[in-house]
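# Secondary and tertiary structure notes
Okay, here's what each chain looks like letter by letter:
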Amino acid sequence: MYGLVNKAVEDLVSTRFGAETWTKVREKAGVGVGGFVSMDPYPDDVTYRLVGAASEVLGAPVPALLEAFGEHWILYTAREGYGELFSMFGGSMAEFLDNLDNMHTRVGLSFPKLKPPSFVARDLGEGRFELEYHSTREALAPMVIGLLRGLARTFGEVVEVEHVQGRDRGGHDLFRLKVTAAAAE
Ligand code: HEM
């Protein structure tokens, strides 16, 4: 995956657990000191190794880390200059879910080797949706849950997510969502 993803993993680990913890994770994953270049593609294995090493160093299960990573990705990409994509492709979860593929197509203009996921959203009414997640990659469904949570927050909404089917059945993951307005603070 692109270096931007690995840098977001680094950002999550080092801001929450400190630079020393990141060094341990990096070393355990067999990644050198040089850091990542956001716009350079790296083998997927590097990202999986980083997440696996973080799981060992922090004593946290991989799915929990992927979920936290998904939520962090929304903040990180906004900070790294991609925030306008969120308003460009929708003003609410309902609109944005329909546009996830268009958004990644847009992202692909800057990242020509992008292998984006693909989503199919079905609006079931009253804030309920079904969402298919198609990917060439394994085991990233928990990341989607975190992404959806972070995404809802940017629109002032809250989402409950249920993972109802894994990719072992039918070749894609399936989620059921319930979106509500966030309570005023
Ligand atoms: C501005 C926001 C975003 C940017 C810039 C962005 C960009 C990217 C990039 C660079 C990758 C790595 C893929 C590769 O290197 O081949 C990726 C992967 C991914 N993105 Fe996005 N993305 C954004 C928002 C989202 C949102 C809101 C979702 C979903 C709800 C999402 C779902 C995913 C998933 C699940 C992957 C993992 C790859 C896979 O499943 O095969 N992204 N994205």
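Whatever comes next refers back to the structure up there.
What this report covers is the structure whose coordinates are included nearby. From a predicted model like this one, the values you see are computed outputs, not experimental measurements.

### So, the overall build of the protein
Scanning the protein for helices and strands turns up eight helices and four strands. Along the protein, helices (α) and strands (β) appear in the sequence α-α-α-α-α-α-α-β-β-α-β-β when read from the amino end. Since a compact globule built from 185 residues should have a radius of gyration of about 16 Å, the 16 Å found for the protein is in line with a globular shape. The C-alpha extent of the protein, read off along each of the three principal axes, is 50 × 40 × 35 Å. When burial is assessed residue by residue, the protein has 44% of its 185 residues classed as buried.

### Comments concerning the nonpolar core
Within soluble globular proteins, side chains that are nonpolar tend to cluster in buried spots. Counting residues in each nonpolar core, the largest one holds 55 residues, and the members touching the most others are Met-93, Leu-148, Phe-175 and Leu-177. The contacts of Leu-148, once residues within four sequence positions are left out, are Met-93, Leu-97, Leu-131, Val-159, Val-161 and Leu-177.

### Here's the deal with the packing of aromatic side chains
Following the criterion strictly, the structure yields seven aromatic pairs and no others. Ring centres of Tyr-2 and Phe-111 lie 4.7 Å apart, and the angle between their planes is 75°; on these two criteria the pair is classed as edge-to-face. Highlighted residues: Tyr-2 in the segment before helix H1 (3–17) and Phe-111 in the loop between helix H7 (100–110) and strand S1 (118–125), separated in sequence by 109 residues. Take Tyr-2: its relative accessible area is 7%, and that puts it in the buried class. Plain terms: the ring middles of Phe-86 and Phe-96 are 6.0 Å apart, the flat faces sit at 35° to each other, and that makes the pair tilted. With a gap of ten residues between them, Phe-86 in helix H5 (residues 84–88) and Phe-96 in helix H6 (residues 93–98) connect regions that are remote in the sequence.

### Some remarks on the pairing of strand S4 (residues 173–181)
Strand direction decides the pairing type here: strand S2 (residues 128–134) and S4, joined by six bridges, are antiparallel. The residue bridging Glu-132 from the neighbouring strand is Leu-174, located in S4.

### Some points on the side chain of Thr-21
Residue placement: Thr-21 occurs in helix H2 (residues 19–28). Aside from chain neighbours lying at most four places away, what touches Thr-21 is Val-13, Val-57 and Leu-58.

### Remarks on the site of the ligand
Not every one of the 26 residues close to the ligand is listed here, only the nearest: Tyr-2, His-104, Tyr-133, Ser-135 and Arg-137. The separation between a nitrogen atom of the ligand and a polar side-chain atom of His-104 is 3.0 Å. Between the ligand and Lys-115, the relevant distance is 2.9 Å, taken from an oxygen atom to a main-chain nitrogen or oxygen of the residue. Contributions of two or more residues to the shell around the ligand are made by helix H4 (62–82), H5, H7 and helix H8 (141–154). Considering only residue class, the shell around the ligand consists of 21 nonpolar, three polar and two charged.

### Here we look at the packing of H1 against H2
For the pair H1 and H2, interaxial distance at closest approach is 7 Å and the crossing angle is 140°. In terms of their interaxial angle, H1 and H2 are classed as oblique. Within the contact between the two elements, H1 uses Val-9, Glu-10, Val-13, Ser-14 and Phe-17 and H2 uses Ala-19, Thr-21, Trp-22 and Val-25.

### Observations regarding unusual backbone geometry
Positive phi, close to 50°, is recorded for Glu-126, a residue that is not glycine. By the element assignment, Glu-126 lies in the loop between S1 and S2. Even without a glycine there, the phi angle at Ala-139 is positive, about 70°. Summarising the element assignment, Ala-139 is placed in the loop between S2 and H8.

Conventions and cut-offs
- Residues numbered from 1 in each chain as written.
- Predicted model: local features only at pLDDT ≥ 70, side-chain atom pairs only at ≥ 80, totals over all residues.
- Heavy atoms only, no water.
- Helix = DSSP H or I, 4+ residues; strand = E, 2+ residues; numbered from the N terminus.
- Rg over C-alpha atoms; globule rule 2.2 N^0.38 Å.
- Buried < 20%, exposed > 50% of the residue type's maximum accessible area, 1.4 Å probe, protein only.
- Core = buried A, V, L, I, M, F, W, Y, C linked by side-chain atoms within 4.5 Å.
- Contact = heavy atoms within 4.5 Å.
- Phe/Tyr/Trp six-rings, centres within 6.5 Å; stacked < 30°, edge-to-face > 60°.
- Pairing = 2+ DSSP bridges.
- Near = heavy atom within 4 Å.
- Polar contact = N/O pair within 3.5 Å; in protein donor to acceptor, adjacent residues only side chain to side chain.
- Nonpolar A, V, L, I, M, F, W, Y, C, P; charged D, E, K, R; others polar.
- Axes fitted to C-alpha atoms, helices over the stretch in contact; angles between N-to-C directions.
- Parallel < 35°, antiparallel > 145°, perpendicular 65-115°, else oblique.

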